[in-house]
Amino acid sequence: MTKVNVYVTLRESVVDPQGIAAKDALHKLGFDEVGNVRIGRLIELELSGTQAEIEERVKKMCEVLLVNKVIEDYSFEIGEVAGK
Amino acid sequence: MSAMHEPTTQQIKDEKLYRQMGMTDEEFDRAVEMIGRLPNYTETGLFSAMWSEHCSYKSSKPILRRFPTEGERVLQGPGEGAGIVDIGDNQAAVFKMESHNSPSAIEPFIGAATGAGGIIRDVFSMGARPVALVNSMRFGDLSDARDRYLFEQAVAGIASYGNTIGIPTIAGEVQFDNCYSKRPLVNAMTVGLLNHEDIQKGLASGVGNTVIYAGAKTGRDGIHGATMSSTEVAVDKEAELPVMQAGDPFLEKLLMEACLELVKSDALIGIQDMGAAGLTSSAAEMASKAGFGVEMNLDLIPQREEGMTPYEMMLSESQERMLIVVKKGREQEIIDLFAKHNIEAVSVGVVTEDKMLRLKHKGETVAEILADTLAEDAPVYYKESKEPAYFSEFQAMENTEPVVTHLKETLTALLQRPTIASKEWVYNQFDTQARANTVVAPGSSAGVIRVRGTNKGLAMTADCNSRFIYLDPETGGKIAVAEATRNLICSGAEPIAATDCLNFGSPDKPEVFWQVEKSADGISEACRKLNAPIIGGNVSMSNEVNGVPVYPTPTMGMVGIVHDLSQVTTTAFKQAGDAIYVIGEAKTEFGGSELQQMVEGKIFGKVPAIDLDVEVARQKDLLKAIQSKLVQSATDLSEGGFAVALCEKAFDAQGLGAEVSIPGSSVTALFSETQSRFLVTVKDEHAEAFEKLVPDANRIGTVTATAEIVIKGEENTVLVEGTVEEFRSAWKGAIACLLNSEA
Amino acid sequence: MRFAILSFPGSSCDEDMVHAVLNIVGEGAEVVNHNQADLKSFDAVILPTGASFGDYLRPGALAQSSPAINSLKEFVKTGKPVLGVGNGFQILVEAGILPGAFLINKDLKFRSGNSTLNVENASTRFTAVYEEGQQITLPFAHHYGNYYVDKETAKQLKADGRIVFTYADDSHDGSVDGIAGVLNVQGNVLGMMPLPERAVEAIIGGTDGLPLFQSIIKNWSENNVSHA
């Protein structure tokens, strides 16, 4: 099985209420150097297939279900593809 | 085999390893004597969990026996998942309250959420559909960042579970006092409805019948939760704490629907939630109660993690699991029923004649103990009780008024006290109207839902003024019960039964145990007089931080029946021109009052007296007046006294105010917390009839069309005058303000 | 008229909707399970609120894996009315049947209560019994009630009269332009966060939701008479 990490983030144009709250909290705790905070999610997938297959299938999964493109962007990292 | 790395029986004894599991030397010796040999590691775990305070009530049993548990409506008293009371029309209300204090102190969101999940399961395991949630919570006074965090997260957690599963939260209370700093109390109550023929019990009976496990897989979470909740939380040692069990309200919703379908099946023999001490307690209790044995093959238990030992499986407190006994030969249809709801169910064992709880794992018998030994025969302790020194000191004090210089400022400050201030910040996070039956949502005296298909309603409330109980547990216990019944009465309901959650410090402290005893006496007497039998409850001991116990907090949850929904009454003023009555006179009684705590920074002295005969008479009179539709609005006088209650009646009444005159010393008249008092409004044309029914009522003023509060004292002097809006804004925003103001 | 109340696992308020339609409004209503969703024989479909699939991933998202979503898309094409309330609205948006998306409430908390709404368009088949500009009060309960569409879409929705309800008070939770309910292009699908089925009886929070159901029925009767 190959491990894939899908990173889902809110699109730039969308206000992120959780990110704003986290930023405020960090400032209150003295982390004044913090500028913007954006909170997203990490989805860990385990799946089989060749590098090319995995890339295509994961992209499809993101478009169909894992990501709502109205508000979210995504990227993913494919781990070591398991040998045959 | 998996148990290979576990200590031997001799090591457990010699190295006193049972102590780590919360067992005392005496208890271990007793266990050895009862089984006639040394228990192995798994068996020691079974004993320690089943003999924990949480499962066995070993310290509180003698106290619990004092409670009145019977009444003409009681169908099921304490001892099952929840109590059951008849509400007519072949229907019954099922309810119970439970604590989740220790988990909430460590991880408040998960702790509070799983607390709600557990008590919901208790109710549907009786065959009832949960229809409403109530909660009662205590936190430090919000000046400390950790306490604010605990408060915010516990509220969010309890809300998340109830909202997701779709059961409305319709009543509750939150109080704040620094005795709860870092040791919050989170008590949750669920009320369910069923038809009499659907009542289920947790029984494993009928030799050869099949034991089925249904629900979530078993993981290594929450191992020894029952023991943990019976010991003090070490706040500085979070790293050493066991993994908390997380909740899955979605899974519970599916499990609930499956179980409610299951109870209609004649294949079902018994069903019980795997709550505290998980598989151990459900299996042992079901067998013990039925007088049979249970043999389970642990290899068949659905497991979430690899390589789990029998000890881990038996002690896990993974959530959303049920243990079920079905008729032999009917397994597949039950498994299919669960599968339809996307719930895994597997046969894991069989009911036996020999009364043993026998566990097999990888072909070996890993535990073999009489179920009764674990359940029924748990030790019972008669703890030492000693009156604390403070009690006689307080009793010797004279009743005096706290010194107040400015009445209006004092009233405003009281309205901003978090215990008195609007709890909107809390209940706006609850779905209060799911199921579309909510007649009175949180914010009035009690929550009310209608019973669909009838013209009846169920009213519910949770109450406990722990300051009174600390100062004088017996009187305070009476007051807790009376306050709960008052809240039901003011909503137009007749109280029918109660549940309790007894939150105390360590019972090993004689002064704490004295509080337990005395408050139980007060509660028992009041429940008898007010006709509210206790049909179930929960005990939570060792609520302490750094050896200091919280105030004794035996929370009373209570349910009442509204016989006709048109009799439902709320707090708010209804109409200008209505007469305002106060029932009962104010006396100089400030011991444990909100004003005393605010002005003096501590509580002391005698608590307000309560005469239960007067209480009963006034409640009866008022309920009769409400049922005769003579009353427009009603509320009892509690924290903050008369002036606070008067303001509260105006806060939800669009554009209405009040003008009243009250006799006597102004501080006492405005702020005293004298018991058995009510504030009601009555249409002018009903004044005469009302006065006849309620002889203790005094007419003190009128609801006005201007949104102003005017309180006059003797000789027409104005004591307090202000717009409703200025008082409301102080009251409404106080909690949000406390949460946001400090870094 | 026969309403299908489309129930997904976790759609806990399906029975509330059945009660409102069947017992109060007095029309046929039955719960249709998401697995066996044959919707053809129904005159209208309602997606109730609750927490379908536990609101996991994103509220409404996982319902797309149900067979019912395809039948629902077919049903939408027939032009018959579809109403999604609360979580039902979120499902319609996630399925791409209605525009936009939902974010967590601006203050991050679950919120419930009553909201005052403006009826922005009273000429739809869902609102004809209301008056244009009328203010109504409906309960709401959600954690992800913060409706998002980009500025262009919002403008277009407005121009097309597809914004049916807006919040008249501060209970918008951050929703763009205070949008509380939107229509699809064809005008036969309405999604709204406030919950009309909780306001059909005086005893449980008012009757301001009733005209919504009455509007659907009125429109249906008119069409069915004209076809007869």
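Everything numeric in this text was worked out from a predicted model, so none of it was measured. (Residues numbered from 1 in each chain as written. Chains lettered and ligands numbered in written order. Predicted model: local features only at pLDDT ≥ 70, side-chain atom pairs only at ≥ 80, totals over all residues. Heavy atoms only, no water.)

**A look at the overall build of chain A**
Turning to step 1, where the next piece is worked out: The helix and strand tally for chain A stands at two helices and three strands.
Turning to step 2, where the next piece is worked out: When the elements of chain A are put in sequence order from the N terminus, they spell out β-α-β-α-β.
Turning to step 3, where the next piece is worked out: Overall, chain A is about 50 × 25 × 15 Å in size when its C-alpha atoms are taken along their principal axes.
Turning to step 4, where the next piece is worked out: Taken across its 84 residues, chain A has 26% of its residues classed as buried.
Turning to step 5, where the next piece is worked out: Long-range contacts, defined as pairs at least 24 residues apart, comprise 68% of the intrachain contacts of chain A with a sequence gap of at least 6. (Helix = DSSP H or I, 4+ residues; strand = E, 2+ residues; numbered from the N terminus. Buried < 20%, exposed > 50% of the residue type's maximum accessible area, 1.4 Å probe, protein only. Contact = heavy atoms within 4.5 Å.)

**Regarding the interface of chain B and chain C**
Turning to step 1, where the next piece is worked out: Listed by partner, the interface residues are 26 residues for chain B and 24 residues for chain C.
Turning to step 2, where the next piece is worked out: Both faces considered, chain B and chain C share a buried interface measuring about 2,000 Å² in area, 55% of it formed by carbon and sulfur atoms.
Turning to step 3, where the next piece is worked out: Looking only at chain B, the three residues that lose the most surface to chain C are Phe250(B), Gln433(B) and Arg450(B), adding up to 27% of its buried area.
Turning to step 4, where the next piece is worked out: Here chain B is connected to chain C by two salt bridges.
Turning to step 5, where the next piece is worked out: Across the salt bridge formed by Glu201(C) and Arg450(B), the nearest N and O atoms sit 2.7 Å from each other.
Turning to step 6, where the next piece is worked out: Those elements that provide at least two residues to the side of chain B that touches chain C are helix 8 (145–165), helix 10 (249–262), helix 17 (424–427) and strand 14 (438–440) of chain B.
Turning to step 7, where the next piece is worked out: Ranked by the residues each element gives to the side of chain B that touches chain C, the list is headed by helix 10 of chain B, at four residues.
Turning to step 8, where the next piece is worked out: Looking at side-chain class alone, the side of chain B that touches chain C contains eleven nonpolar, nine polar and six charged residues. (Buried area = accessible area lost by both parts, 1.4 Å probe. Salt bridge = Lys/Arg side-chain N within 4 Å of Asp/Glu carboxyl O. Nonpolar A, V, L, I, M, F, W, Y, C, P; charged D, E, K, R; others polar.)

**Here's the deal with the pattern of salt bridges**
Residues and elements named next belong to chain B.
Turning to step 1, where the next piece is worked out: Here the structure, examined in full by the defined rule, presents 50 salt bridges over all chains.
Turning to step 2, where the next piece is worked out: Asp521 is paired through a salt bridge with Arg66; the nearest N and O atoms lie 2.9 Å apart. Of this pair, Asp521 sits in helix 20 (residues 510–529) while Arg66 is found in the loop between helix 5 (61–64) and strand 1 (74–76), placing the two residues 455 residues apart along the sequence.
Turning to step 3, where the next piece is worked out: Residue Arg66 is classed as partly exposed on the basis of its relative accessible area of 29%.
Turning to step 4, where the next piece is worked out: The partner of Glu344 in a salt bridge is Lys217, and the shortest N-O contact between them spans 2.9 Å. Taken together, the residues Glu344 in the loop between helix 13 (331–340) and strand 11 (345–352) and Lys217 in the loop between strand 7 (210–215) and helix 9 (225–228) connect sequence positions 127 residues apart.
Turning to step 5, where the next piece is worked out: Three or more residues joined by partner-sharing salt bridges are found here, namely Asp177, Arg417, Arg467 and Glu594.

**Let's talk about the packing of aromatic side chains**
Turning to step 1, where the next piece is worked out: Applying the stated criterion across every chain, the model contains 20 aromatic pairs over all chains.
Turning to step 2, where the next piece is worked out: Look at Phe250(B) and Phe53(C): their rings are 6.0 Å apart centre to centre, the planes differ by 45°, and that puts the pair in the tilted class. Separated into two different chains, Phe250(B) in helix 10 and Phe53(C) in the loop between strand 3 (44–47) and helix 2 (67–77) make up a pair that spans both.
Turning to step 3, where the next piece is worked out: On the basis of relative accessibility, which here comes to 13%, the residue Phe250(B) falls in the buried class.
Turning to step 4, where the next piece is worked out: Residue class for Phe53(C) comes out buried when judged on its relative accessible area of 14%.
Turning to step 5, where the next piece is worked out: Clustering of aromatic rings is evident, with ring pairs tying together Phe139(B), Phe151(B), Phe176(B) and Trp425(B).
Turning to step 6, where the next piece is worked out: Geometry around Trp51(B) places Arg30(B) over its ring, the cationic atom sitting 5.6 Å from the centre.
Turning to step 7, where the next piece is worked out: We note Arg2(C) situated over the ring of Phe42(C); from NZ or CZ to the ring centre the distance is 4.3 Å. (Phe/Tyr/Trp six-rings, centres within 6.5 Å; stacked < 30°, edge-to-face > 60°. Lys NZ or Arg CZ within 6 Å of the ring centre and 35° of its normal.)

**Considering the interface of chain C and chain A**
Turning to step 1, where the next piece is worked out: The interface of chain C with chain A comprises 16 residues on the first partner and 17 residues on the second.
Turning to step 2, where the next piece is worked out: Summed over both sides, the interface between chain C and chain A buries roughly 1,200 Å², with carbon and sulfur atoms accounting for 65% of that surface.
Turning to step 3, where the next piece is worked out: When residues of chain C are sorted by the area they lose upon contact with chain A, Leu57(C), Arg58(C) and Tyr148(C) head the list and together hold 42% of the total.
Turning to step 4, where the next piece is worked out: Residues Glu72(A) and Arg58(C) are paired through a salt bridge, measuring 3.5 Å at the closest nitrogen-oxygen approach.
Turning to step 5, where the next piece is worked out: Summed over the shared surface of chain C and chain A, the number is four residue pairs in polar contact (both at pLDDT 80 or more).
Turning to step 6, where the next piece is worked out: For the side of chain C that touches chain A, the secondary-structure elements that each account for two or more residues are strand 5 (101–103) and strand 8 (146–148) of chain C.
Turning to step 7, where the next piece is worked out: Examining the composition of the side of chain C that touches chain A, we find that three residues originate from one element, strand 5 of chain C, more than from any other.
Turning to step 8, where the next piece is worked out: Tallied by class, residues from the side of chain C that touches chain A come to nine nonpolar, four polar and three charged. (Polar contact = N/O pair within 3.5 Å; in protein donor to acceptor, adjacent residues only side chain to side chain.)

**Let's talk about helix 7 (residues 108–124) of chain B**
Turning to step 1, where the next piece is worked out: For helix 7 of chain B, built from 17 residues, the straight-helix expectation of 24 Å at 1.5 Å per residue is met to within 8% by its first-to-last C-alpha distance of 24 Å.
Turning to step 2, where the next piece is worked out: Within helix 7 of chain B, 15 of the 17 residues are buried, which leaves the element mostly enclosed by the surrounding structure. (Expected span 1.5 Å × (residues − 1).)

**As for the sheet that holds strand 22 (residues 579–583) of chain B**
Residue and element names in this part refer to chain B.
Turning to step 1, where the next piece is worked out: An order of 23-25-22-26-24-27-28 is seen for the seven strands of this open sheet, with the pairing classed as mixed. The outermost strands of the open sheet, each flanked by one partner alone, are strand 23 (633–636) and strand 28 (718–723). Neighbouring strand axes in the sheet, compared pairwise and without regard to direction, differ in orientation by 20° on average.
Turning to step 2, where the next piece is worked out: Of the strands in this sheet, strand 23 and strand 25 (678–682) are in contact with helix 19 (residues 473–490), which crosses strand 23 at around 175°. (Pairing = 2+ DSSP bridges. Axes fitted to C-alpha atoms, helices over the stretch in contact; angles between N-to-C directions.)

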